[in-house]
Amino acid sequence: GAGVSQTPSNKVTEKGKYVELRCDPISGHTALYWYRQSLGQGPEFLIYFQGTGAADDSGLPNDRFFAVRPEGSVSTLKIQRTERGDSAVYLCASSSGPGAGELFFGEGSRLTVL
Amino acid sequence: GQSLEQPSEVTAVEGAIVQINCTYQTSGFYGLSWYQQHDGGAPTFLSYNALDGLEETGRFSSFLSRSDSYGYLLLQELQMKDSASYFCASDSSYKLIFGSGTRLLVRP
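Attention here is on the structure that accompanies the text. Predicted model, so just to flag it, every value in this text is computed and none were measured. (Residues numbered from 1 in each chain as written. Chains lettered and ligands numbered in written order. Predicted model: local features only at pLDDT ≥ 70, side-chain atom pairs only at ≥ 80, totals over all residues. Heavy atoms only, no water.)

### Re the environment of Met80(B)
All names here are of chain B. As a reminder, the rule being used: Secondary structure elements are taken from DSSP: a helix is a run of H or I of four residues or more, a strand is a run of E of two residues or more, and numbering for both begins at the N terminus. What makes two residues a contact is simply this: any of their non-hydrogen atoms within 4.5 Å.
By secondary structure assignment, the location of Met80 is in the loop between strand E8 (70-75) and strand E9 (84-92). A C-alpha to C-alpha distance of 10.0 Å links Met80 and Ala12, two positions 68 residues apart in sequence. The contacts of Met80, once residues within four sequence positions are left out, are Glu14, Val106, Arg107 and Pro108.

### Topic: the nonpolar core
The condition is simple: Working definition of a nonpolar core: buried Ala, Val, Leu, Ile, Met, Phe, Trp, Tyr and Cys residues. They are joined through side-chain atoms within 4.5 Å. Summary of the burial criterion: residues with accessible area below 20% of their type's maximum are buried, those above 50% are exposed, and those between are partly exposed, where the area comes from a 1.4 Å probe applied to protein chains only.
Judged by nonpolar contacts, the single largest core of 38 residues is most densely connected at Tyr35(A), Phe105(A), Leu32(B), Leu75(B) and Tyr86(B). Top element by residues in this core is E9(B). It accounts for 5 residues. Setting aside chain neighbours within four positions, we find Tyr86(B) in contact with Gln6(B), Ile20(B), Tyr35(B), Gln36(B), Leu46(B), Phe60(B), Leu73(B), Leu75(B), Gly101(B), Thr102(B) and Leu104(B). Counting residues in each nonpolar core, the second largest holds 20 residues, with Val19(A), Cys23(A), Leu46(A) and Ala88(A) among its members.

### Examining the pattern of salt bridges
How we decide: What makes a salt bridge here is a side-chain nitrogen of Lys or Arg within 4 Å of a carboxyl oxygen of Asp or Glu, nothing more.
Taken as a whole and judged by the stated rule, the model has 6 salt bridges over all chains. Here Glu44(A) and Arg36(A) are joined by a salt bridge, their closest N and O atoms 3.4 Å apart. With a shortest N-O distance of 2.8 Å, Asp82(B) and Arg59(B) are connected by a salt bridge. Of the two residues, Asp82(B) sits in the loop between E8 and E9 while Arg59(B) sits in the loop between strand E6 (53-57) and strand E7 (60-65), which places them 23 residues apart along the sequence. Classification of Asp82(B) as buried rests on a relative accessible area of 2%. One network of salt bridges, in which partners are shared, links Arg64(A), Glu83(A) and Asp86(A).

### Brief notes about the interface of chain A and chain B
Worth spelling out the cut-off: Buried area is a sum: the accessible area each of two parts loses on coming together, probed at 1.4 Å, counted once for each and added. Counted as a polar contact is a pair of N or O atoms within 3.5 Å, where, for protein atoms, one must be capable of donating a hydrogen and the other of accepting one, and residues adjacent in sequence contribute only when both atoms are in side chains. Throughout, the ten residues Ala, Val, Leu, Ile, Met, Phe, Trp, Tyr, Cys and Pro are labelled nonpolar, Asp, Glu, Lys and Arg are labelled charged, and all others, Gly among them, are labelled polar.
Each partner contributes residues to the interface: chain A has 21 residues there, and chain B has 18 residues. Between chain A and chain B the total buried area reaches about 1500 Å² when both faces are included, carbon and sulfur atoms providing 58% of it. Applying the counting criterion to the chain A and chain B interface returns 1 salt bridge. Notably, a salt bridge pairs Asp56(A) with Lys95(B), separated by 2.7 Å at the nearest N-O pair. Our count for the contact surface shared by chain A and chain B stands at 5 residue pairs in polar contact (both at pLDDT 80 or more). Elements with a contribution of two residues or more to the side of chain A that touches chain B: strand E4 (31-37) and strand E5 (44-50) of chain A. By residue number, the principal contributor to the side of chain A that touches chain B is E4(A), which donates 3 residues. Per-class residue counts for the side of chain A that touches chain B are 10 nonpolar, 8 polar and 3 charged.

Put into structure tokens, the structure is as follows:
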């Protein structure tokens, strides 16, 4: 596609539920990143994929968070047993290769946990 | 730990010049990026400095000094549409670590 696409754009869920957020990167981009952004803050790094493998998952806050990219294109961020503190905008970005100088971001998925 | 410091808010007049500073403490540093984000929008790339010195792209310029762990973004001929948040980000070990952002308000 022309840009990074994220779905859903908005997700409201109840505490304790499971959610999945999807990212479709720019075609041909091998690197894919997930970030989380709270109001008034900068994006917070979660995980980085190079191809199908997670090259760096050091930003995942705990084991309730998991992400996959099985075919090296679309990625899904999975959050189990959601908590109110998980409420944020989840941003996905892609780039054409290693070296993170220029990332192309999607519009984000706004997650609200009630 | 890894951190980037930048002012929280800057106000300037339309047509003026404004400089947003950024100091960083990060490991595995490769370069410094700058991103613009309008309210409710996605961060968009402005510039990247891998080497010391000034990079110019139209009305925007960015500077890096590795020895001082310091950089800045210079915006010239400010326009109302430049009102947004600006983030410096350290390219560290193939991932970007972002500062907390500077909110720029351009007044007529």
